Amino acid sequence: MRQAAIAIACAILAGPAAAELVEVKLAPGETVEKRLTVGPGKFAELCTALQRGQVVMWQFRADAAIDFNIHYHVDKRVEYPEQRKDVKDANGRLAVALDQDYCWMWTNKSGSSIEADVTLSAN
């Protein structure tokens, strides 16, 4: 699957800070709730295939500040509809412009594990 290939590429690029990739299915009308543990110096991703025209309402709350982004890959480029640094919580609305695999990603630059509660809701 394409998402598995993306996860492998991310893990290789990240070196010792290997990714935890959680694939989710987010069909219109569905909500996904997850609790993630992001280890020190590591990152975690929730990824799902979305189609143009979908809207995803998202939110998360972490127990410590963490870097966050929403991204997708176009050939060798990475596009970021959303990027935030050093935040404990955030929410927003992703209007999907392209049929694509989108990933919500948290990067922990601290020396301790961080817990994050995440909710994604699709129209």
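The following paragraphs examine the structure supplied in this document. Note that the structure is a prediction, hence the values are computed from the model and not measured.

Concerning the overall build of the protein
Each helix and strand in the protein was counted, giving one helix and seven strands. Taken from the N to the C terminus, the helices and strands of the protein come in the order α-β-β-β-β-β-β-β. Burial statistics for the protein: of 123 residues in total, 42% are counted as buried. When the accessible surface of the protein is split by element, carbon and sulfur atoms take 50% of a total near 6,800 Å².

A closer look at the nonpolar core
Most often, soluble globular proteins have nonpolar side chains that are buried together. With 29 residues, the main nonpolar core has Leu46, Trp58, Phe60, Leu94, Trp104 and Trp106 as its most contacted residues. For this core, the elements supplying multiple residues, two or more each, are strand S2 (31–38), strand S3 (43–50), strand S4 (55–74), strand S5 (77–95), strand S6 (100–107) and strand S7 (114–122). For this core, the element with the most residues is S4, which contributes eight residues.

A closer look at the pairing of S6
The buried count for S6 comes to seven of eight residues, which makes it a mostly enclosed element. In the sheet, S3 pairs with S6 via eight bridges, with the strands oriented antiparallel. Paired with Leu50 across the two strands is Gln100, which belongs to S6. Relative to S6, S4 runs antiparallel, the two sharing five bridges. Within S6, the residue paired with His71 across the bridge is Cys103.

Observations concerning the packing of aromatic side chains
Summed over the entire model, instances satisfying the criterion amount to five aromatic pairs. Aromatic side chains Tyr72 and Tyr102 sit 4.9 Å apart centroid to centroid with 55° between the ring planes, which places their arrangement in the tilted category. Here Tyr72, found in strand S4, pairs with Tyr102, found in strand S6; they are 30 residues apart in sequence, far enough to count as distant. For the pair formed by Tyr72 and Tyr102, the shared burial category is buried. Site record: aromatic cluster; members linked through ring pairs are Trp58, Phe60, Phe68 and Trp106.

Calculation notes
- Residues numbered from 1 in each chain as written.
- Predicted model: local features only at pLDDT ≥ 70, side-chain atom pairs only at ≥ 80, totals over all residues.
- Heavy atoms only, no water.
- Helix = DSSP H or I, 4+ residues; strand = E, 2+ residues; numbered from the N terminus.
- Buried < 20%, exposed > 50% of the residue type's maximum accessible area, 1.4 Å probe, protein only.
- Areas by Shrake-Rupley, 256 points an atom, 1.4 Å probe, with all protein chains shown as cover.
- Core = buried A, V, L, I, M, F, W, Y, C linked by side-chain atoms within 4.5 Å.
- Pairing = 2+ DSSP bridges.
- Phe/Tyr/Trp six-rings, centres within 6.5 Å; stacked < 30°, edge-to-face > 60°.

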